[in-house]
Amino acid sequence: MDVLAPDDHVVVVGAGLAGWRLAEGLRRHGFTGRVTVVGAEPHLPYDRPPLSKQFLAGRWDRDRVALAGEGRAAELGVDLRRGVRAVALDADAAEVLLADGSRLAATRVALAVGVGARPFTTPSSGALATLRTLDDAAALRERLERLEPGERVVVVGGGFLGAEVATSIAASGLTPVVLEAAARPLVGPLGEEVAGWLAGLAGEASIELRTGVVVRDVVAGTESWTVELADGVLEAREVVAAVGSRLELGWLEGSGLALDDGIVVDASLEAAPRVAALGDVARVVEVAGERGVRREHWQVAADHAEALARAWAGAEPSALAATPYFWSDQYGKKIQLLGRPRPSDDVVPVVGSRGAGRWMALYARRGVVTGAVALSQPRALMLAKPLVDADARLDDALAEAPWER
Ligand SMILES: Cc1cc2nc3c(=O)[nH]c(=O)nc-3n(C[C@H](O)[C@H](O)[C@H](O)COP(=O)(O)OP(=O)(O)OC[C@H]3O[C@@H](n4cnc5c(N)ncnc54)[C@H](O)[C@@H]3O)c2cc1C
């Protein structure tokens, strides 16, 4: 896509991390034309990672999760339309239709609409509460604040989000019980071996994690919930589901864009000649003919926004390495993952020991480093980053051992 001209009008759909950062970045890199950001939620742009951590645990309030204060959009000359959803896109004309009936005639459109929470639906209670938005988190926090210390809260789903929610619930003095369908959480993203190393984390934090559990139904009582399992029953004062995400792209059917478990974009985030997609929703095809990858990681969304802002505003390409990065704070530990490992990659421990609860390992495929994973070893992970960025040979990485410096 060409560099924007001052008479261009950029419409950004989605006022989350990627959308807001793109608007800010366009200004920072010198674009002076019109920028409109459309957000379905009524709030100022805010950050999601603290929702399951500091915000849910009651340590942060709404102001601390904000990405922009009141007045920031006006300062930047950005027309921020809150509480209105885009309901249709004409990709050829770069025109966006909003739920209030208005039409935005753009010259460039950026889709940063993220994902929603995957619903967990039960026969008796329908869809359980989930945690994706600030409103979800505020509602859950309010319900938890009404409980007495020690009361039980069931978390359905033991992945990254479920583990974080359980950690915050425990920090609030309540008793979480995590119900995970798989034999072990996190095998998908981390592979069997590393997931095995992490299997004891919940127990070490005195949080009950039940694996291989099938939830058959959840029945609401006057004061509590009855969670019916394949092999028993669990009473809980609250229940929340954290079972993954779901794309909400029905409104883009017929837009002319390629949709395939996300909005398909090329390496420059282009979905059509005048339309880009970025953040959680973007399936980036780096090698023509391959299916590409979609990642729901904070750093990836931020990197997309910066790269696109620079490209559109005509600034130097971003020096940021495009190595994906993800972290999760759970059970009192920090898990960090860098790179593009596959679950089947070799795992080579290089720092610390599992017994000490602080370690780092490299992932490697055919002798080449594909990633690094760390448990509460943030410094070692960052020292390993250049090796991951450079697709270093495993032998060279082990000889160099930058994490020992
Ligand atoms: C509770 C929680 C904790 C997380 N913790 C971590 C973590 O520890 N580490 C990590 O790496 N990542 C974490 N993530 C993921 C991270 O927050 C996301 O990767 C990041 O928010 C993606 O940014 P985005 O802008 O693509 O999407 P979002 O932040 O989801 O923003 C998309 C916005 O678009 C709006 N929207 C959707 N459809 C429309 C429409 N049709 N019209 C207008 N607006 C629309 C949505 O309402 C939303 O506000 C967490 C996510 C959640 C929910």
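1. So, the overall build of the protein
Argument step 1. Across its full length, the protein holds 12 helices and 27 strands.
Argument step 2. Projecting the C-alpha coordinates of the protein onto the three principal axes gives extents of approximately 60 × 60 × 40 Å.
Argument step 3. Across the 405 residues in the protein, those meeting the buried criterion constitute 42%.
Argument step 4. Residue pairs at least 24 apart in sequence account for 60% of intrachain contacts in the protein once pairs closer than 6 positions are excluded.

2. A look at the nonpolar core
Note on soluble globular proteins: their nonpolar side chains tend to be buried together.
Argument step 1. Counting residues in each nonpolar core, the largest one holds 125 residues, and the members touching the most others are Val-12, Leu-22, Val-156, Leu-278 and Leu-308.
Argument step 2. Tallying contributions element by element places helix H10 (residues 298-313) first for this core, with eight residues.
Argument step 3. Once residues within four sequence positions are removed from consideration, Leu-308 is found in contact with Leu-22, Ala-110, Leu-269, Ala-276 and Leu-278.

3. As for helix H11 (residues 378-389)
It helps to recall that an α-helix has 3.6 residues per turn; residues three or four apart then point in one direction.
Argument step 1. The end-to-end C-alpha distance of H11 is 16 Å, a good match for the 16 Å that 12 residues give at a rise of 1.5 Å each.
Argument step 2. Those residues of H11 that are buried lie in contact with strand E24 (333-339), strand E25 (346-353), strand E26 (358-365), strand E27 (368-375) and helix H12 (394-400).

4. Here we look at the site of the ligand
Argument step 1. Around the ligand there are 35 residues in total, and Gly-14, Gly-16, Ala-18, Gly-114 and Gly-279 lie nearest to it.
Argument step 2. Among the elements of the structure, helix H1 (17-28), strand E2 (34-39), helix H2 (49-55), H10 and strand E23 (325-330) are those that each provide at least two residues to the shell around the ligand.
Argument step 3. Across the shell around the ligand, the residue classes break down as 19 nonpolar, 10 polar and six charged.
Argument step 4. Residue assignment places the shell around the ligand across two domains, with domain 1 (9-115 + 247-313) and domain 2 (118-243) each supplying three or more.

5. A closer look at the sheet that holds E25
By way of backbone hydrogen bonds, the strands of a sheet pair with one another, either parallel or antiparallel.
Argument step 1. Taken in spatial order, the five strands make up an open sheet running E23-E24-E27-E26-E25, and their pairing is antiparallel. A strand with exactly one partner marks an edge of an open sheet, and here the two such strands are E23 and E25. Strand-to-strand, the axes of this sheet are offset by a mean angle of 15°, without reference to chain direction.
Argument step 2. Note: E26 against E27, seven bridges, orientation antiparallel. Counted as the bridge partner of Met-360 is Ala-374 from E27.

6. So, the environment of Val-347
Argument step 1. By secondary structure assignment, the location of Val-347 is in strand E25.
Argument step 2. If near-sequence neighbours (up to four positions away) are discounted, Val-347 is found in contact with Gly-191, Glu-193, Val-194, Ala-361 and Tyr-363.

7. Remarks on the sheet that holds strand E1 (residues 9-13)
Argument step 1. As summarised here, the arrangement of the six strands in space is E3-E2-E1-E7-E21-E20, forming an open sheet in which the pairing is mixed. For this open sheet the edge positions go to strand E3 (78-82) and strand E20 (270-272), each flanked by a neighbour on one side alone. Taken pair by pair, the neighbouring strands of this sheet meet at an average axis angle of 20°, ignoring direction.
Argument step 2. Bridge analysis of strand E7 (residues 108-111) against strand E21 (residues 275-277) gives three bridges, and the strand direction is parallel.

8. Focus: unusual backbone geometry
Argument step 1. With phi around 60°, Ser-206 is a residue other than glycine that occupies positive phi space.
Argument step 2. By the element assignment, Ser-206 lies in the loop between helix H9 (201-204) and strand E13 (208-210).
Argument step 3. The backbone phi angle of Asp-391 is positive, close to 50°, even though this residue is not glycine.
Argument step 4. Tracing the backbone shows Asp-391 in the loop between H11 and H12.

9. A short note on the domain arrangement of the protein
Argument step 1. According to the domain assignment, the protein contains domain 1 (9-115 + 247-313), domain 2 (118-243) and domain 3 (332-404).
Argument step 2. Taking only C-alpha atoms, the centre of domain 1 and the centre of domain 2 are 30 Å apart.
Argument step 3. Taken together, the 12 residues of domain 1 in the interface contact 12 residues of domain 2.
Argument step 4. Contributing elements (two or more residues each) for the side of domain 1 that touches domain 2: H2 and helix H3 (62-65).
Argument step 5. If one sorts the elements of the side of domain 1 that touches domain 2 by residue count, H2 sits on top with four residues.
Argument step 6. Of the residues belonging to the side of domain 1 that touches domain 2, the class tally is six nonpolar, three polar and three charged.

What counts, and where the lines are drawn
Residues numbered from 1 in each chain as written. Predicted model: local features only at pLDDT ≥ 70, side-chain atom pairs only at ≥ 80, totals over all residues. Helix = DSSP H or I, 4+ residues; strand = E, 2+ residues; numbered from the N terminus. Buried ≥ 20, exposed ≤ 12 C-beta atoms within 10 Å, placed from the backbone. Contact = placed C-beta atoms within 7 Å. Core = buried A, V, L, I, M, F, W, Y, C linked by C-beta atoms within 7 Å. Expected span 1.5 Å × (residues − 1). Near = placed C-beta within 6 Å. Nonpolar A, V, L, I, M, F, W, Y, C, P; charged D, E, K, R; others polar. Domains from an automatic or database assignment. Pairing = 2+ DSSP bridges. Axes fitted to C-alpha atoms, helices over the stretch in contact; angles between N-to-C directions.

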